[in-house]
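A closer look at the structure
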Amino acid sequence: MAVVFEKPHALTDVDLHYCPGCTHGIIHRLVAEVIDEMGIEGDTIGVCPVGCSVMAYDYFNCDMIEAAHGRAPAVATGVKRSLPEKFVFTYQGDGDVAAIGTAETVHAASRGENIVIVFVNNTTYGMTGGQMAPTTLPKQVTQTTPFGRDTAVNGFPIRVVEMLATLSGTALAARVAVDTVPHVKEAKKMIRKAFENQKNKTGFSVVEVLSTCPTNWGLSPVDSLTRLQEEMIPYYPLGIYKDVNVRTVREVNA
Amino acid sequence: MEKMLMKGNEALAEAAIRAGCKCFFGYPITPQTEVAAYLSRQLPKNGGVFLQAESEVAAINMVYGAAAAGVRTMTSSSSPGISLKAEGISYLCGADLPCVIINVQRGGPGLGGIQPSQADYWQATKALGHGDSRVFVYAPNSVQEMVNLVVIAFDKADEYRVPAMILADGLLGQMMEPVSFPEISANKTEKPWATDGHGNNRPHNIANSLYLKPDVLENSIWERDSRYKQMEMTETMADYYCCDDAEIVVAAYGASSRICKSAVKAARDQGIKAGLFRPVTLFPFPKNELKTACRNAKKVLTVEMSTGQMVEDVKLALECKIPVEFYGRTGGIIPTPDEVLAEIKKLNENKGE
């Protein structure tokens, strides 16, 4: 019988620990499918973060490194500079990329480090029980903003890919979501583009994936997807913010 | 072998290249500046990578990545910068990744000063990072030894999968001495654990320090501890000067050992049976070597450029069977031979007590 659907080879058989309804599983799968399709599993080194995806080293079949909180882009730099012909990606959450690891993220981009960052934004610290993240929306209730994020006290959420798109070293900065089938397909396309950039030595690629956290949001999986659509996407618009392979709007107008 | 006149920091950097260091990651700080400056010129010429990181924290994590990838890698800093690297060093220990870390010590705490110091002994030997983690600590006392110990540090780090530190200081880093570079045979340590891409011909490797099950974590810690015990059995290094009949043994390492040697010579000229014991490895600490050096000692004087840190290890090694005194200057002040000689004389007068 013809096989029409199967688990990507780049994923191991270890059971994922993610909560029901969490979209990490989809994003893992997309990364694994891209690795399979490009036939690069044996040449890929993944770096996972501290946060919900801390144990991703058990889930991906390629060689994996567990980094300290926020340091994945620096660790990936060390690997890539040692092994420039190999593929190196990091898989990180919002606290990792945009709070404790902001410096590592920004400078990896500024150097045009030829790596891929898959950045999962679910507007909260999932692993530690739902505290305020750098991407927590204004008025969003979390464990450490029990009355809602007050921007007068906690400041404003960081739009990561918009910020990284301003840096000359960035080749690709895009935001995708995994709430609908068309969005999932677009997300995969963007992750593929990021890995292709690395293959072509184009530079630093970051793909931000809007994701859900039903457990810490206190919502059902379906309601979580609705929140992603109604609250997150308006604040974090989807799209490509920088792609060195195509001329930007500004360049076309100039 | 041809001798060259070189600055300690530059000789150390050249030795690292010859020892096969392929990647250097660092962040500027005085007084280790010449290490990075030299490598930025010379490492790329020798097929290596020099990268100035955005912080000490990033630099040590780049080292972590390169070490996981299986290449010889090094970072260099000075006291305040080493504190910043502490997190990464603990992760390197936890993931059993070899690397070399240079600390050209300056005065502390905090920003302290930029003059030579030995005040990071405790940090280096006891708690360079959190958890049950240790690193090799080598203490050179000459430019030539900066060279020799860097080569040993790379080899031993690979052999034991334990990071190695060169604990130098601003004096050794800045001074110039004749130095020769020994022929170095390429180290052949296999690294089957490296996360360098499995090439579809082995199961995936994982570099990791996370073990959520306490029994698994405990087992991994005891396994690593057994390597530390092995280091204590076989990897200690020490140097002796006039210890055979010495009644007053001065214990000192690094820069202060040079001053103490002058003081011991002067004491001998005055008929005092003084000797110098110099630990070369600070971890593992050469306990048995110290006992041997002190077999005829009535008193021991530990001299450090700190308020007294190694002195505790000296007391422990001697099991308090011989009185151990301390003399130190700190904050970037280097003790003079006359000061040390005065202490030796004082102990000699009271050696019967």
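Our structure's up above, just so we're on the same page.
An account of the accompanying structure is given in this report.

Moving on, we come to the pairing of strand E4 (residues 116–121) of chain A. Residue and element names in this part refer to chain A. Burial analysis of E4 places six of its six residues in the buried class, which makes it a mostly covered element. The pairing of E4 with strand E8 (residues 204–210) spans six bridges and is classified as parallel. Paired with Phe 119 across the strands is Glu 208, a residue of E8.

Take the interface of chain B and chain A next. At the interface, 34 residues of chain B touch 29 residues of chain A. Mapped by element, the contributors of at least two residues to the side of chain B that touches chain A are strand E2 (23–26), strand E3 (49–52), helix H3 (56–68), helix H4 (79–94) and strand E9 (206–207) of chain B. Split into classes, the residues belonging to the side of chain B that touches chain A amount to 17 nonpolar, 13 polar and four charged. Where strand E2 (residues 63–66) of chain A lies against E9 of chain B, two bridges are found, and the strand directions are parallel. Bridged to Met 64 of chain A within E9 of chain B is Ile 206 of chain B.

Another point: helix H9 (residues 221–235) of chain A. Residue and element names in this part refer to chain A. Between its first and last C-alpha atoms H9 spans 20 Å; for 15 residues at 1.5 Å apiece the expected length is 21 Å, and the two agree. Roughly 35 degrees is the biggest bend found in H9, and it falls at Leu 228. Considered for burial, the residues of H9 that qualify are Ser 224, Leu 228 and Met 232. Packed against the buried residues of H9 are strand E7 (170–177), E8 and helix H8 (214–217).

Bringing the nonpolar core into the picture now. One broad rule of soluble globular proteins: the nonpolar side chains tend to lie buried together. Within the largest apolar cluster, 182 residues are counted, with the highest numbers of intra-cluster contacts made by Val 118 of chain A together with Val 100, Val 150 and Val 250 of chain B. It is H3 of chain B that provides the largest number of residues to this core, a total of 10 residues. Here this core gathers at least three residues from each of two domains, domain 1 (4–194 + 208–234) and domain 2 (239–349) of chain B. The contacts of Val 150 of chain B, once residues within four sequence positions are left out, are Leu 12, Ala 15, Ala 16, Ala 19, Val 100 and Ile 166 of chain B.

Attention now moves to the sheet that holds strand E4 (residues 73–77) of chain B. Residues and elements named next belong to chain B. Judged by pairing direction, the sheet is mixed, and its seven strands sit side by side in the order E3-E2-E4-E5-E7-E6-E13 without closing on themselves. Of all the strands in the sheet, the pair left with one neighbour each is E3 and strand E13 (281–283). On average, adjacent strands in this sheet sit at an angle of 20 degrees to one another, irrespective of strand direction. Where E4 lies against strand E5 (residues 100–105), four bridges are found, and the strand directions are parallel.

The rules behind these values
Residues numbered from 1 in each chain as written. Chains lettered and ligands numbered in written order. Predicted model: local features only at pLDDT ≥ 70, side-chain atom pairs only at ≥ 80, totals over all residues. Buried ≥ 20, exposed ≤ 12 C-beta atoms within 10 Å, placed from the backbone. Helix = DSSP H or I, 4+ residues; strand = E, 2+ residues; numbered from the N terminus. Pairing = 2+ DSSP bridges. Contact = placed C-beta atoms within 7 Å. Nonpolar A, V, L, I, M, F, W, Y, C, P; charged D, E, K, R; others polar. Expected span 1.5 Å × (residues − 1). Bend = angle between axes of the 7 residues up to and from the residue. Core = buried A, V, L, I, M, F, W, Y, C linked by C-beta atoms within 7 Å. Domains from an automatic or database assignment. Axes fitted to C-alpha atoms, helices over the stretch in contact; angles between N-to-C directions.

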